Structure formats: C-alpha cells, structure tokens
Amino acid sequence: MLSVEMCWGQAGIFTFGQAALFGLGGYTVGLITKNSSITDIGVLLLIAIVIGAVAGLIIGIFLFSGKRVGELYVVLVTLAISYIFERLANSWTVLGSGNGIPGIPSPTIFGMEIKSIIGLFILAFTVFALILFICIFLVNSQFGLTMNAVRDDEERAEFFGYKRSRIQIVVFVFAAVLASIGGALFAVTESFVSSSMTGLALSTTIVLWVVLGGRGTFFGPLIALAVLQAVNTKMQEVLPSLWPILVGLLLVIAMIFLPKGLMSLPATIRESLRKKSTA
Amino acid sequence: MKLLEVISVTKKFGALTAVDKASIFINQNEIVGLIGPNGSGKSTLLHTVCGRTIATEGQILLQGLDITKQDPQDRAIAGMAIKFQLARIYLEKTVRENLLISLQAKESIWSQLRNRSLAKFEDKITSLADEFQLTEYLDEFAKSLSHGQQQWLEIAMAMASEPILLLLDEPTAGMSPKERADTAILIKKASKKCGVLIVEHDLDFIKEICDRISVLHQGNIIATGTSAEIEKDPKVKEVYLTRV
Ligand SMILES: Nc1ncnc2c1ncn2[C@@H]1O[C@H](COP(=O)(O)OP(=O)(O)OP(=O)(O)O)[C@@H](O)[C@H]1O
Ligand SMILES: [Mg+2]
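Residues numbered from 1 in each chain as written. Chains lettered and ligands numbered in written order. Predicted model: local features only at pLDDT ≥ 70, side-chain atom pairs only at ≥ 80, totals over all residues. Heavy atoms only, no water.

Let's shift gears to empty space enclosed by the protein. As enumerated under the stated definition, the model contains two cavities of 30 Å³ or more in all. Its boundaries defined by the atoms lining it, the largest cavity holds a volume of some 40 Å³. Around the largest cavity, the lining residues are F159(A), C50(B), P72(B), R75(B), A76(B), M80(B), A81(B) and I82(B). For the lining of the largest cavity, the secondary-structure elements that each account for two or more residues are α2 (72-77) and β6 (80-83) of chain B. By residue class, the composition of the lining of the largest cavity is seven nonpolar, no polar and one charged. Lining the second largest cavity, in full, are F132(B), W152(B), I155(B), M159(B), L166(B), T183(B), L186(B), I187(B) and A190(B). (1 Å grid on protein atoms, 1.4 Å probe; cavity = no way out; pocket = protein on both sides within 12 Å on 5 of 7 lines; lining within 4 Å. Points joined across faces, edges and corners; volume = space filled by probe spheres on them. Helix = DSSP H or I, 4+ residues; strand = E, 2+ residues; numbered from the N terminus. Nonpolar A, V, L, I, M, F, W, Y, C, P; charged D, E, K, R; others polar.)

With that settled, consider the sheet that holds β6(B). By definition, the strands of a sheet pair up through backbone hydrogen bonds, in either a parallel or an antiparallel sense. Residue and element names in this part refer to chain B. Strand order in the open sheet formed by six strands is β6-β7-β8-β3-β9-β10, and the pairing between neighbours is mixed. This sheet does not close on itself; its edge strands, each paired only once, are β6 and β10 (220-225). The mean inter-strand angle of the sheet, taken between neighbouring strand axes irrespective of direction, is 15°. Across five bridges, the pairing between strand β7 (residues 165-169) and strand β8 (residues 195-199) is parallel. Bridged to L165 within β8 is G195. Contacts from helix α6 (residues 147-160) reach β6 and β7, with the element oriented near 175° to β6. (Pairing = 2+ DSSP bridges. Axes fitted to C-alpha atoms, helices over the stretch in contact; angles between N-to-C directions. Contact = heavy atoms within 4.5 Å.)

The predicted coordinates should not be examined in detail at positions where pLDDT is low. Predicted confidence across chain B gives a mean pLDDT of 88, with 98% of residues reaching 70 or more. Here helix α10 (residues 234-243) of chain B stands out as the least confident element of chain B, with mean pLDDT 71; β8(B) is the most confident, with 94. (pLDDT = per-residue confidence, 0-100.)

Let's shift gears to the sheet that holds strand β1 (residues 4-13) of chain B. Residues and elements named next belong to chain B. Pairing within the open sheet is antiparallel, and its four strands lie in the order β2-β1-β4-β5. With one partner strand each, in any of the chains shown, β2 (16-26) and β5 (65-66) form the two edges of the open sheet. Sheet analysis places β1 next to strand β4 (residues 57-62), joined by five bridges and oriented antiparallel. Paired with E5 across the strands is L61, a residue of β4. Relative to β1, helix α1 (residues 42-50) is tilted by about 115°, and along the sheet it contacts β1, β2 and β4.

Let us now look at the coordination of the magnesium ion (ligand 2). Reference values for angles at a metal are 109.5 degrees in the four-donor tetrahedral case and 90 or 180 degrees in the six-donor octahedral case. Protein-derived ligands of the magnesium ion (ligand 2) are S43(B) (OG) and Q85(B) (OE1), with the metal-ligand distances lying across 1.9 to 2.2 Å. Here the residue S43(B) occupies a position in helix α1, and Q85(B) occupies one in the loop between β6 and α3 (95-103), the gap between them amounting to 42 residues. (Donors = N, O, S within 2.8 Å, 3.2 Å for Na, K, Ca; no water.)

Residue and element names in this part refer to chain B. As a structural note, the neighbourhood of ligand 1 is formed by 14 residues, with G39, K42, S43, T44 and H201 the closest of them. Here an oxygen atom of ligand 1 and a backbone polar atom of S40 are 3.2 Å apart. Within the side chain of K42, an N or O atom sits 2.8 Å from an oxygen atom of ligand 1. Within the complex, the protein chains bury 60% of what would otherwise be the 630 Å² of accessible surface of ligand 1. When contributions to the shell around ligand 1 are tallied by element, the ones reaching two or more residues are β2 and α1. The greatest single-element share of the shell around ligand 1, amounting to three residues, is contributed by α1. Split into classes, the residues belonging to the shell around ligand 1 amount to four nonpolar, eight polar and two charged. (Near = heavy atom within 4 Å. Polar contact = N/O pair within 3.5 Å; in protein donor to acceptor, adjacent residues only side chain to side chain. Areas by Shrake-Rupley, 256 points an atom, 1.4 Å probe, with all protein chains shown as cover.)

Now the structure itself:
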C-alpha cells in the first residue's frame, strides 16, 4: 500500500504492478528458506530488497527511460506484469504451481526463533513503522517536492531541468523495494506463499485503498485499508461472487467522484457550500 | 559569438508549415521581440528553441553549440528558461514551493534527499518574491493568485534559475496597464544578466523594451530591425493593414 501511495500518490506513477513485486518478495523468501537453511529475517529482508530493487530497476528503465509515456501505458504494462507473474506462480513447478510454497519456517533474529503471533506482529509492525517513517521523511524532503512537480506536470518539470526519467525510475525502484519487503514479511508471518498473494486481485485492492484513502496522504489509505479489510472478510462470506464486482465498481466510482479520496470529502463539501453561499 | 542563433528553422505539422525557414539571433543582454498575427508561428518558433517541439529543418545554436535536437531538460541545464503562453505553474502548490521547484530542479537527487540546498534557496526566494511583489503571497496557493500575479510567478520561476536565455511567450497577456509597466521594468532588469526573446501582441510594450524586433507572418520572418525600421517597412505595414 505504501508502495502504491509513493508511486502514484506522490509521483503520479499509476501502477498495477505492485502485487507482482509483492509476490516476488514472498516467493524469493519461500524459495530461499526451502532450499537453504537461511531463516535470519535480516538476511531474508536484505535479499528481498536487492531482488525488489533489481526488478524495479528493470521495469522502471523499461517504462521511463525513453520519452514521456502516458499514464495508460504504465497501467497496461504493470497490469500485464502482474498477470504474467500470477500465471507463472500458478503453473511453474519451481514455484509450487497452484499449491504455492507451504511450510516456510519461522524467521529468526540473532539465532532466536520468532514463533508467537505477538512476536511476528511486532516484527511486521516494526518494519512497517520504519518504512512509514522513511516515506514521511522522503515526502517532506526536497525530493518530495520534486516528485510532486513531476506528478503534477511532467513536461513542465523537464523545462526546469528536472531529469524526469531518472526521478521516475528512482521512485519506482523504491516502491518496488517496499512491495518486495511487504511480500517477504507476508511469507514469514503467514508461513506460506501462493499465487493468490500476487496478481490482479491484490493489485486492484491496493489501488482501491489508495483511491479511497486519498492519494497524496499516507494515513487516508491506512484507514481505508482497515475499514475495507473488515468489510472484505464479511462480504466474502455473504456475497462471495458479487463482491469482487462491487470492489471494481467502488473503484470506478471513487476515481470519478472522489479523485482526492474520502479524506477530502469534508473539504470538498465545505468548498461547494462556500461556492453556493458566495454565488 | 551570438547567444542564440536560429538558422533557417522550419517546423511542419503534417501538411501545415507553421514556421518556414525562419532565422533570428540574440546577443548577450539583448531583448528581442517577436511579433506577428495570430497563428503566424510565434509560439511554435519559441518551442523549437526550448525543445517542446523539434525543428523539422534548420539549426539552433546556443552559445555556438548545436542544440537543435536536444531534450528540454538538457537545454534547461544549459541555461534556458521559458514562460509559456498559458502560464504553467503548479496551481496546487504555494508560491514558495513553486519557486523552490524551479530553484532545485538541477540539484542531484542525493542532495535533495538531504535537504542540502534548502537554506541556500531561502534567501533567493525572499528576494525573488520581493522583486515580483509576491512576498505577502508566499504561503498562498498559486491558484489563489490573480491572473497577472500568476504570470509574474512564472516569470519569477524562469528567472530563478539565473538563465542565460529567457524565453517569454506573451508575458503581459491579461495584465493591467500598471502591471505591464512593472513587467517592462522587470524584464529590462533581467536583461542585464541574460538575453531575452519575447513574443507579444502588445506593440507599444514591445516597442518600448526591445532592442530589435522580428516580424513573423505565416511562418516567415518578413522583417527584422529596430522599432523605427519595422514601422516603416512596407511589408509589415501590409500585413498589419490587411489584418485589420
Ligand atoms: N502541436 C501542433 N499541431 C498541429 N498544428 C499546430 C501545433 N501547434 C501549432 N500548430 C499550428 O501552427 C500554426 C502556428 O501556431 P502558433 O501557436 O505558433 O501561432 P502563434 O503565432 O503563437 O499564435 P498566437 O498569437 O495565437 O499565440 C497555427 O496554424 C497552429 O494551428
Ligand atoms: Mg502563441
């Protein structure tokens, strides 16, 4: 989620590819723990970071190094990557085909095993808080303004001398690393990875969080995430087949009517009231 | 050596020839005006200079270096700055942020991450805002500025980078007479540090501040000279008479 917010909310790169990178991080950890005795969370995360960065760099260079490309193009390419990754995870035996990779051992830190749910939660929360902290720092730095300048008017930014493609690649790599870390954490906390953690459904859901929560803020999407996850679990029980369609509809509606997210609703209402009263 | 040389530049959009073998030049500290009827190719010519479009034929030299096909960001780094016909500022950002966006554009990502140049730019923001009468609006959103102030903000952003060549597309459009007069002073002052190319419809404004004027008609430069020479030129008279 943070990954998409960084990419799209802050730098205007609308990506559906984060699930593939999430999956990549997860499967990387899955494969390593299956085929070696490495379980140290530090080492695992480091590897996930490197793999995520490399993948992000390759995709980023492909997407952004030439001329300016349209948003639609980025959406389509990242959608395609998510789709391919999902298919790959489903069919390639090395990745466990449809069964995924079960039985990923508990992570260790300094040789100590983190087994309890509370331990795992603390681990995930610590990493998350650290990343959130870094993200907030980035957004408030001068580079944050640069990202916004490129988001709001790519072409204009170039005329000031911004190296647009380099900036977009850097942001994309950073976002890829975040997604990959997320996937790695998922793998060790859930102790399995499968194709359902990657692919389109997840990508769409993440984008939805950011849309509903409001691109441009971190806390909006977090709230949207919490609410939607709660609703999600309930709805999947009640309306298993209709729910995905509803999610899609919700996404379209939100993007059309609330381009700035639910958090902006009070401000939007105030604005329109003011217009009415002055008109 | 001339600051900018545009040598026989042609720009075609499909079958339409917007600029046809146009040549102009600008010396250091010179203000050159480009006038002509609507659709005569003024903006297009400016765009071939700043890199928004690439000339179909001809050559553009900046300080003797061929930049005809260079990317906009490389031209900006070489010292070019532009104010577009329709002000393109960041409406959702404050005046201060807008100025900073221009100031930090050429800083490396690494130094931006460390907020290295923030303190250094603070003084520049203060003096630019002062010069362009924007001090009291520094923390207002750019979208809340008046039309004339938005134009000024974009000129201020262009000047912030201390360019060697300043390109201004209709800088006074929509300004009050008082704002126009102030703009003339600002541009004259700017020309002490760089060369300026101005596209304008306001002939009085152009006559007042330009050292030299070129007249564009249907993509062709039909005359170049001082304002007195231009006024006497029969071809220019014809274009401007037949137009009205
Ligand atoms: N991107 C484009 N694609 C196709 N035709 C274009 C493009 N840009 C400009 N033109 C055409 O080129 C011609 C010159 O346009 P240009 O904008 O340079 O004129 P101008 O002298 O700046 O006019 P104005 O005074 O109205 O600003 C016009 O006929 C215009 O329609
Ligand atoms: Mg024009």
